[in-house]
Amino acid sequence: GQVSGVQGLVIAVTPKSVDVAVGAKDPATATADLHVILDPPLTKLPKVGQSVDVTGTAESFQPNPPDPNAPFLLTFNKGTIKGYSPEPKPAGGQN
């Protein structure tokens with residue numbers, strides 16, 4: 001289901017996805033445990049190491065991801081980043 005307000009540090013980011021270390025304090029030692037597929041894609045990107053709030057629909061849970069430092073990897077789709085994702089256009093073509 002839909003999950004909102006998940007806070008973490010940006011580990012990697014592209015316009016279409018972001019990897020986040022949930023609950024991490026130090027970007028130098030943080031490991032991504034949340035992969036968010038962004039829809040719509042970002043037009044401005046947060047910086048690596050920056051704290052962000054993400055929202056998305058939980059899609060999959062991987063107990064042993066490729067990164068040996070991460071105990072699991074959760075994937076969200078239809079994700080957004082507060083303050084970075086484009087706002088939806090109002091319905092009806094009005095500005």
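In what follows, the structure referred to is the one given above.
Residues numbered from 1 in each chain as written. Predicted model: local features only at pLDDT ≥ 70, side-chain atom pairs only at ≥ 80, totals over all residues. Heavy atoms only, no water.

Could you give me a rundown of the overall build of the protein chain, with the residues and numbers involved?
When helices and strands are counted, the protein chain shows zero helices and five strands. Secondary structure elements in the protein chain, listed N-terminal to C-terminal, are β-β-β-β-β. The C-alpha radius of gyration computed for the protein chain amounts to 14 Å, which stays within 12% of the reference 12 Å derived for 95 residues, consistent with globular compactness. Among the 95 residues that make up the protein chain, the fraction classed as buried is 33%. By sequence separation, contacts in the protein chain at least 24 residues apart represent 54% of the contacts at least 6 residues apart. (Helix = DSSP H or I, 4+ residues; strand = E, 2+ residues; numbered from the N terminus. Rg over C-alpha atoms; globule rule 2.2 N^0.38 Å. Buried < 20%, exposed > 50% of the residue type's maximum accessible area, 1.4 Å probe, protein only. Contact = heavy atoms within 4.5 Å.)

Account for the environment of Pro41, with residues named and values stated.
Mapping Pro41 onto the fold places it in the loop between strand 3 (34–38) and strand 4 (51–62). Between the alpha carbons of Pro41 and Pro66 there is a distance of 25 Å; along the sequence they are 25 residues apart. Each residue touching Pro41, except ones within four places of it in the same chain, is listed here: Pro15, Lys16 and Pro86.

Before we move on, could you go through the nonpolar core and cite the residues and values that matter?
Ranked by internal contacts, the top residues of the largest apolar core, which has 14 residues, are Val18, Leu34, Val36, Val54 and Ile81. Contacts of Val18, omitting those with residues within four sequence positions, involve Val10, Ala12, Val13, Leu34, His35, Val36, Leu38 and Ile81. (Core = buried A, V, L, I, M, F, W, Y, C linked by side-chain atoms within 4.5 Å.)

Got a sec to walk through the pairing of strand 1 (residues 2–13)? Specific residues and values, please.
Summarising the sheet, strand 1 and strand 4 pair through six bridges and their orientation is antiparallel. Residue pairing for strand 4: Gln7 is matched across the bridge by Asp53. As paired elements, strand 1 and strand 2 (residues 17–22) share five bridges and run antiparallel to each other. Counterpart to Gly8 in the pairing with strand 2 is Val22. Here strand 1 folds back onto strand 2 in antiparallel fashion, the turn holding three residues. (Pairing = 2+ DSSP bridges.)

Before we move on, could you go through the side chain of Ser17 and cite the residues and values that matter?
Relative to the elements of secondary structure, Ser17 occurs in strand 2. Given a relative accessible area of 18%, Ser17 falls into the buried group. Not counting chain neighbours up to four residues away, the residues in contact with Ser17 comprise Ala12, His35, Val36, Ile37 and Leu38.

For unusual backbone geometry, give the residues involved together with the corresponding values.
That bond from Asp39 to Pro40 is cis: its omega, 10°, falls within 30 degrees of zero. When you line up the elements, Pro40 lands in the loop between strand 3 and strand 4. With a phi close to 50°, Lys78 is a non-glycine residue in the positive phi region. With respect to the secondary-structure elements, Lys78 resides in strand 5 (residues 73–81). Classification of Lys78 by relative accessible area gives exposed; the value is 58%.

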